[in-house]
Amino acid sequence: MTKTYKISEVATMTGLSIPTLRYYETLGLLKPVRQENNYRLFTDKELNWIEFIKRAKATGMPLAKIMTYAKLREQGHETIKARIAILGQQEQILHEEQEKIQGHIDFLQKKKQYYEQLTAKNEA
């Protein structure tokens, strides 16, 4: 039998709030099974998908793009190339951000080096 989790357990396990989980369900990102009493039941499959959503968001991927990815995912393996393209686009965005950050780090290091040289001259 598949292990199931209530929404409160999923919130604790994932660090997402119950309203966020419900919002993701409203958007169609999550599709938990409903019990007769209308309680949501999540499985490890949903937990893994939630972790993907969290990681995608952490990369800066907008929810709209995650929703597009989710729709493609539901369509099966024939959409793998389209999903790879979405991931590739986000990877490119991260590389661009990385380059900007490296430029800022380089600037700070050069400024520090300049001040260290001035300090060394004054101490000599």
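The notes below deal with the structure included here. As the structure is a prediction and not an experimental result, all values here were calculated from the model. (Residues numbered from 1 in each chain as written. Predicted model: local features only at pLDDT ≥ 70, side-chain atom pairs only at ≥ 80, totals over all residues. Heavy atoms only, no water.)

## Description of helix 3 (residues 44-58)
Because each turn of an α-helix spans 3.6 residues, side chains separated by three or four positions in sequence point in the same direction. For helix 3, which comprises 15 residues, the first-to-last C-alpha distance of 21 Å matches the rise-based estimate of 21 Å (1.5 Å per residue) to within 8%. Buried within helix 3 we find Glu-46, Leu-47, Trp-49, Ile-50, Ile-53 and Ala-56. Elements in contact with the buried residues of helix 3: strand 1 (4-5), helix 1 (7-14), helix 2 (18-27), strand 3 (40-43) and helix 4 (63-75). At the exit of helix 3 stands Gly-60, carrying a positive phi of roughly 95°. (Helix = DSSP H or I, 4+ residues; strand = E, 2+ residues; numbered from the N terminus. Expected span 1.5 Å × (residues − 1). Buried < 20%, exposed > 50% of the residue type's maximum accessible area, 1.4 Å probe, protein only. Contact = heavy atoms within 4.5 Å.)

## Describing the sheet that holds strand 2 (residues 33-34)
Ordered by their spatial adjacency, 3 strands build an open sheet running 1-3-2, and the pairing between neighbours is antiparallel. Of all the strands in the sheet, the pair left with one neighbour each is strand 1 and strand 2. Pairing of strand 1 with strand 3 involves 2 bridges; the strand directions are antiparallel. Residue pairing in the sheet places Tyr-5 in a bridge with Phe-42 of strand 3. (Pairing = 2+ DSSP bridges.)

## A closer look at the packing of aromatic side chains
Here the structure, examined in full by the defined rule, presents 5 aromatic pairs. Aromatic pair Trp-49 and Phe-52: ring centres 5.1 Å apart, planes at 10°, arrangement stacked. With Trp-49 and Phe-52 both in helix 3, this residue pair falls 3 residues apart, about one helical turn. Take Trp-49: its relative accessible area is 6%, and that puts it in the buried class. The partly exposed category is assigned to Phe-52, whose relative accessible area is 23%. Pairwise contacts between aromatic rings join Trp-49, Phe-52 and Tyr-69 into one cluster. (Phe/Tyr/Trp six-rings, centres within 6.5 Å; stacked < 30°, edge-to-face > 60°.)

## A closer look at the packing of helix 4 against helix 5 (residues 80-123)
Two elements in contact, helix 4 and helix 5, have axes whose closest approach is 9 Å; the angle formed by their N-to-C orientations is 160°. In terms of orientation, helix 4 lies roughly antiparallel with respect to helix 5. You can see that helix 4 and helix 5 cross each other, and the crossing is left-handed. Contacts between helix 4 and helix 5 involve Lys-65, Thr-68, Tyr-69, Leu-72 and Arg-73 on the former and, on the latter, Ala-82, Arg-83, Ile-86, Leu-87, Gln-89 and Gln-90. For the contact of helix 4 with helix 5, the residue count by class is 5 nonpolar, 3 polar and 3 charged. (Axes fitted to C-alpha atoms, helices over the stretch in contact; angles between N-to-C directions. Parallel < 35°, antiparallel > 145°, perpendicular 65-115°, else oblique. Left-handed = near helix turned anticlockwise from the far one by under 90°. Nonpolar A, V, L, I, M, F, W, Y, C, P; charged D, E, K, R; others polar.)

## Topic: helix 5
Taking 1.5 Å as the rise per residue, helix 5 with 44 residues should run 64 Å; its terminal C-alpha atoms sit 63 Å apart, in good agreement. Along helix 5, the residues classified as buried are Arg-83, Ile-86 and Gln-90. Elements in contact with the buried residues of helix 5: helix 4.

## Side note on the environment of Tyr-114
Within the secondary structure, Tyr-114 sits in helix 5. Residue classification places Tyr-114 among the partly exposed residues on the basis of a relative accessible area of 43%. Considering only alpha carbons, one finds Tyr-114 and Ile-101, 13 residues apart in sequence, at a separation of 20 Å.

From the geometry alone we can't say anything about function, so treat these as descriptive.
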